[in-house]
Amino acid sequence: MSTEQQLFTESLASVGVETRRVPPAAVAEAIAELLIGETVAVTLDHDDVSLPDTVTIDPTPSELHAAQTGITPAAFAIADYGSVVLPSTAAGSELVSLYVDHHIAIVDEQDIVADMEHAFDRFGRQLSETYGSAIVATGPSATADMGSLVTGAHGPSTVSVVVVEG
Amino acid sequence: MATEGEAIQTNTRGFNQGRYEAVAGLDEYESVKADARAIKEDAIERLPELIDQLRSTVEDNGGTLYLADDAADANQYVRTVVGAETEKTVVKSKSMTSEEIDVNEALEVDGHDVVETDLGEWVLQVAEEAPSHIVAPAIHKSRDAITELFEEVFEPTDPLETAEELTAFAREKLGERIREADVGMTGANFITADTGTIALVTSEGNARKTVAGTDTHIAVAGVEKIVPTTEDLRPFVELIGRSGTGQDITSYVSLLTPPVETPVIDDTDRETPLSEIDNDREFHVVLIDNGRMAMREDDDLRETLYCIRCSACSNVCANFQEVGGHAFGGETYSGGIATGWEAGIEGLDVAGGFNDLCTGCSRCVDACPVNIDIPWINTVVRDRVNRDQEVNVDVLVDGLTPDAEDESPPLQKRFFGNFEAVARLGSALAPFSNWLAEQTVSRQLLHRLLGIDPRRDLPTFHRRTLVDRFQGRETPVDTPRRRAVLYPDLYTNHVQIDRGTAAVRVLEALGVDVVVPSVPSSGRAPLSQGMITTARSHAERVSDTLAPYIADGRDVVVIEPSDLAMFEREYERLLDPDAHERLATNSYEIMEYVFGLLANGADSTSLRDGEGTDIAYHSHCQQRTLDLEAHTVAVLEQCGFDVLTSDVECCGMAGSFGYKSEYFDVSIAVGNELRDQFSAPSARDRTVVASGTSCLEQLDSLLERRPSHPIELLVD
């Protein structure tokens, strides 16, 4: 395991996120163990990786709202914060990662960068080329506005990350 | 003065403690802060050019940028975008700038339903209250208070008791509103000129839904939110959560380059897969001037525009912790930096309404992630407020308080600002002056005329000052290790002569040739009242008086930390650069100086052996900002004392603040935190020492034990 991967796993644990690190062929099996209730996903742009058969890929809005779990790819991850970078795509990645109670992000091991400095080098390049949008997501949605810290305010109350070896 | 109770104390202190821990975990914290500062300085310098660049970027992206002169202009534009033909639902994520322009009220005129989706903001919307904190708007509301509110307004079928139940209830209610919403309105923590990317720093996910769940996105932001490039966001992303709520990073940092590509969905659609749904979105960025471009031209208020609204200056502030942002705030903004915002946006009358709650303790200076000199902004605004006020001055008292100000500050400020004259008179007339001051009728007069609270003990002036005592005296040190001037600050010279005498004895025991010449007071007193012209005159006279001693090779040793802070920090703004540099580099706090002497071979056995005596030490706020607390602790430990330190930000006395009738209660309430620490089992039997005059006075009134200055421990 690389240093970044090690640090990423530790950082994720500190923000309450469970991590699975698996080879591409084992992703479907790892995800199956993480599913809670009805599950939707966006199409993964990843030839070697498949999703469990029970998952609804590219759902309708009504299927999205009925789902408890959403699976989306992360563009990259930031090791020392335990952050995943979720692109807002025309396929609805932002919706699938947000309108569910449990979010599973999938990230390639080689896309884990060490720190925020490296992350912004990458954002700078990507955003000036694509004018795209992304969310740096770290742990579950949270609020302290109701008297004490509660996870699951408007977004997911739990998050898992599957790191694809390679 | 109204305070907001325990919730605000607990929460702000929690954030503040979290900040200390979080920034300690950031490598190169100081250099990241310096980067952030440099980016803001550059951005504000080039603001007109960056606005033009952002306008073409946004237009190229297919959106619209509207530059609004003021709140009315901004609201008119937003109303046009939302339209008046049909009544719409507008969902909002948290935005202080939208509070500033009162856009909700403007939209409600057209019959639109405006819904705050941040849970804290929603609580306040339901309660019809204003935010009491710029980051955690409902920080003053306890869980019980929210339960009571929701039960009264919504009459829920299931009881709402825990924070989880309250959150789930709000999520459900607001989820419905977001699903039916037509327009999403956000603020912007930052906007990049190069790509038009809006950065939103949030934790709940409501800002994400506000944008993803609607087909019209309006972002309202002050013009100062523009930074040149996407890469420039990095230091801010690393600093903002740590500085505010003590989180390394918030759950979500949205980097949105509108129009975002997310499909615009209809919840009832059971047919179309997401990837086949259109993503046509309207996008409008409304940049708001509302006084900011004028602040940019104002040499003293300009720094305010560097503020990233993190709330560190609120959380670290002992007075804010006590009273909250309703009292310590203006129309929109709260906390130390609010003085700058409200002065620039609303005017001096609003800023002057709460500005005196800043005591200049300077604890926010270290906490601010962009190194804004917040106390200076407060001083400048106070000075302007003073000049703005018409005052009828009593001729007799006027004679007591000569000053060089062009216009007259209020009598109370003139009295405290010219305390040097009071002290001189007090010593000249002692003990009669002390007897007179103790008389009930005098106290009533002081209370009525000057607002000096009768519950405070007044200082007892010595007829023979410290300077008198050491005048013309030959040094007993034959071959001096160093030569020094002991600066006879106002209090040491006229009131606390014992600590001055102790300082001379300690320095001489360590081989220092000490003189105690007559030197004017530092100007701290007038500066704290916003009397900058008077303070500058003090600074010039102090500099002129000490210059020959420094030229003669003498160090300047200062007992009173607030005066040392003047020499090091504020004199930079009051003196020419060479004069400031000369005094700042040659001045030392007394215990820092002793530390240096011991580190360079002076013999600590010539000082009193502490023999393990237990000490409770309260450093001084400004001393800690100068990073000089550790020296006192080190010296005491080296001399055999067992030292426990307080960790409160300020004692609450803060010079004249605690004497003023209108602030007496706040001052005591702030001080109670220190009293509690020093009354805990681990501290209650310890000898109490404190570095600052004010801290000593406050501790004296809070504890049975009589406190002293740490230098007094080192002599028999």
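Note that the structure is predicted; figures quoted are calculated from it, not measured.

### Details of empty space enclosed by the protein
Residues and elements named next belong to chain B.
So, point 1. As enumerated under the stated definition, the model contains five cavities of 30 Å³ or more in all.
So, point 2. Its boundaries defined by the atoms lining it, the largest cavity holds a volume of some 150 Å³.
So, point 3. As for the largest cavity, its lining consists of 19 residues, and the residues nearest its centre are Cys317, Cys358, Thr359, Cys361 and Cys364.
So, point 4. When residues of the lining of the largest cavity are traced back to their parent elements, those giving at least two are helix H14 (318–327), helix H17 (363–367) and helix H18 (374–388).
So, point 5. Here the lining of the largest cavity gets three residues from one element, more than from any other, and that element is H18.

### A closer look at the domain arrangement of chain B
So, point 1. According to the domain assignment, chain B contains domain 1 (6–293) and domain 2 (466–714).
So, point 2. Measuring from the centre of the C-alpha atoms in domain 1 of chain B to the corresponding centre in domain 2 of chain B gives 46 Å.

### Focus: the interface of chain B and chain A
So, point 1. Each side of the interface is counted separately: chain B has 64 residues, and chain A has 53 residues.
So, point 2. Where chain B meets chain A, there are two salt bridges.
So, point 3. In this structure, B:Arg234 and A:Glu117 form a salt bridge, with 3.8 Å as the shortest nitrogen-oxygen distance.
So, point 4. At the boundary of chain B and chain A, one finds 26 residue pairs in polar contact (both at pLDDT 80 or more).
So, point 5. Broken down by secondary-structure element, the contributors of at least two residues to the side of chain B that touches chain A are helix H7 (119–127), helix H8 (143–154), helix H9 (163–179), helix H10 (206–212), helix H11 (233–244) and strand S9 (252–256) of chain B.
So, point 6. At nine residues, the largest contribution of residues to the side of chain B that touches chain A is made by H9(B).
So, point 7. Within the side of chain B that touches chain A, the residues separate by chemical class into 24 nonpolar, 20 polar and 20 charged.

### Description of the pattern of salt bridges
Residues and elements named next belong to chain B.
So, point 1. Taken as a whole and judged by the stated rule, the model has 53 salt bridges over all chains.
So, point 2. A salt bridge links Glu238 to Arg234; the shortest N-O distance between them is 2.8 Å. Placement of the pair is Glu238 and Arg234 together in helix H11, with a separation of four residues, close to one helical turn. Summarising the burial analysis for this pair, Glu238 and Arg234 share the class buried.
So, point 3. The salt bridge involving Arg455 is made with Asp453; its shortest N-O contact spans 2.8 Å.

### Examining the UniProt feature "domain: LUD" (unreviewed entry) in chain A
So, point 1. Using the residue numbers shown here, the UniProt feature "domain: LUD" (unreviewed entry) corresponds to residues 63–164 of chain A.
So, point 2. Taken as a whole, residues 63–164 of chain A contains 25% helix and 36% strand, while its terminal C-alpha atoms sit 27 Å from one another.

### Brief notes about the side chain of B:Thr230
So, point 1. Tracing the backbone shows B:Thr230 in the loop between strand S8 (226–227) and H11.
So, point 2. Among the residues examined, B:Thr230 registers a relative accessible area of 0% and is labelled buried.
So, point 3. Within the local environment of B:Thr230, its side chain forms a polar contact with the side chain of B:Thr195, the two groups lying 3.5 Å apart.
So, point 4. Apart from residues no more than four positions distant in its own chain, B:Thr230 is found in contact with A:Phe120, A:Phe123, A:Gly124, A:Leu127, B:Thr192, B:Asp194 and B:Thr195.

How each quantity is defined
Residues numbered from 1 in each chain as written. Chains lettered and ligands numbered in written order. Predicted model: local features only at pLDDT ≥ 70, side-chain atom pairs only at ≥ 80, totals over all residues. Heavy atoms only, no water. 1 Å grid on protein atoms, 1.4 Å probe; cavity = no way out; pocket = protein on both sides within 12 Å on 5 of 7 lines; lining within 4 Å. Points joined across faces, edges and corners; volume = space filled by probe spheres on them. Helix = DSSP H or I, 4+ residues; strand = E, 2+ residues; numbered from the N terminus. Domains from an automatic or database assignment. Contact = heavy atoms within 4.5 Å. Salt bridge = Lys/Arg side-chain N within 4 Å of Asp/Glu carboxyl O. Polar contact = N/O pair within 3.5 Å; in protein donor to acceptor, adjacent residues only side chain to side chain. Nonpolar A, V, L, I, M, F, W, Y, C, P; charged D, E, K, R; others polar. Buried < 20%, exposed > 50% of the residue type's maximum accessible area, 1.4 Å probe, protein only. UniProt positions renumbered as here; feature names shortened; annotations may be inferred.

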